[in-house]
Amino acid sequence: MKTVSVFCGSSQKVPRAFFDDATMLARHLVENGYAIRYGGGSMGLMGALADETIRMGGKINGVIPHFMAEVEWEHKGVADMTYVDTMAERKQLLVREVAAVVALPGGTGTMEELFEVLSNKKLGLFAEPVILINTNGFYNPLIQMMQAMADNNFFRQEHLSMLTVVQSPAEVVSAINGASSWQTAEAMKIAAYR
């Protein structure tokens, strides 16, 4: 069974549409035979993702630091929970041996996870698809920022292809299946110029 790592926020105060897309993403991944790995939380989009995966009988693995578990941020219904000491370990495990990374909307933690994966992808250290779910245009400013990076030669225009943007969770499985692999050797060669 292939695993998809999902990055997403834990705030309970976000618009309903974000919760709906987290639930829909879980449903589409489970229905298409994917296991899910995520940050282990019980609140916000993390909780919605886990709740729907469990409800559907899907396979889900949480990765959470001990200090978060100690303040009871972990999802008690996730049977397969991996505990780590640091946030850095968490990020490493979240993307180990996954078929893709999918980012729902989120805050600074989601952005940190996303940009570490994109940096590693640019360097040829991560070759799997990275997909943004652009709920309600949430990621439009980020997409514009990345275009500005390319326009100002902070990286090449080709690097924009490291990322696939979809408007709905219903498009994610097709995006995973249709994504062209970022070839490690090619990424290393391009990165060498920047």
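As a reminder, the structure under discussion sits directly above these lines.
Note that the structure is a prediction, hence the values are computed from the model and not measured.

Caption draft 1: Highlighting the overall build of the protein chain. Within the protein chain, the regular secondary structure consists of 8 helices and 7 strands. Taking 16 Å as the expected radius of gyration for a compact globule of 194 residues, we find that the protein chain reaches 16 Å, a close match to that expectation. Along the first, second and third principal axes, the C-alpha set of the protein chain runs to 45 × 35 × 30 Å. In the form shown here, the protein chain has an accessible surface area of approximately 9400 Å², with 53% of it arising from carbon and sulfur atoms. The averaged location of the 20 negative side-chain charges in the protein chain is 4 Å from the averaged location of its 16 positive side-chain charges.

Caption draft 2: Local environment of empty space enclosed by the protein. One pass over the structure, following the stated rule, counts 1 cavity of 30 Å³ or more. Empty space within the largest cavity amounts to approximately 40 Å³. In terms of lining residues, the largest cavity is bounded by Met87, Arg90, Lys91, Gly109, Glu112 and Glu113. Elements that contribute at least two residues to the lining of the largest cavity include exactly α4 (87–94) and α5 (108–122). Per-class residue counts for the lining of the largest cavity are 1 nonpolar, 1 polar and 4 charged.

Caption draft 3: Structural context of the pattern of salt bridges. The final tally for this structure, using the stated rule, is 7 salt bridges. Lys76 is paired through a salt bridge with Glu74; the nearest N and O atoms lie 3.5 Å apart. We classify Lys76 as exposed; its relative accessible area is 62%. For Arg156, the salt bridge is made with Glu158, and the minimal N-O distance between the two is 4.0 Å. What makes Arg156 partly exposed here is its relative accessible area of 25%. Residue class for Glu158 comes out partly exposed when judged on its relative accessible area of 40%. If you follow the salt bridges from partner to partner, you end up with Arg27, Glu52 and Arg55 in one network.

Analysis parameters
- For every chain, the first residue of the written sequence is number 1, and numbering continues from 1 onward in sequence order.
- Per-residue local features are limited, in this predicted model, to residues with pLDDT of at least 70; the limit for side-chain atom pairs, both in listing and counting, is 80 or more; totals at the level of whole chains, interfaces and linings are taken over all residues.
- To obtain the side-chain values, all non-hydrogen atoms of the structure were included, while hydrogens and water were left out.
- Comment: elements are numbered from the N terminus, with helices defined as DSSP H or I runs of at least four residues and strands as E runs of at least two.
- For a compact globule the rule gives 2.2 Å times the number of residues to the power 0.38, and the radius of gyration it is set against comes from C-alpha atoms.
- Reported accessibility uses the Shrake-Rupley method at a 1.4 Å probe radius. Residues are deemed covered only where the shown protein chains occlude them.
- Here Asp and Glu are counted as negative and Lys and Arg as positive; His is not counted, and neither are the chain ends.
- Every charge is mapped to an atom, namely NZ of Lys, CZ of Arg, CG of Asp or CD of Glu.
- The distinction between a cavity and a pocket rests on a 1 Å grid over the protein atoms alone: a 1.4 Å probe fits inside a cavity but cannot get out, while a pocket stays open yet meets protein on both sides within 12 Å along at least five of seven lines, and a residue with an atom within 4 Å of a point counts as lining.
- Grid points are joined across faces, edges and corners, and a volume is the space filled by probe spheres set on the points.
- Gly is put with the polar residues, along with every residue not named as nonpolar or charged; the nonpolar set is Ala, Val, Leu, Ile, Met, Phe, Trp, Tyr, Cys and Pro, and the charged set is Asp, Glu, Lys and Arg.
- We define a salt bridge as a contact between a side-chain nitrogen of Lys or Arg and a carboxyl oxygen of Asp or Glu at a distance within 4 Å.
- Buried, partly exposed and exposed residues are distinguished by accessible area as a fraction of the type maximum, computed with a 1.4 Å probe on protein chains only: under 20%, between the cut-offs, and over 50%, respectively.

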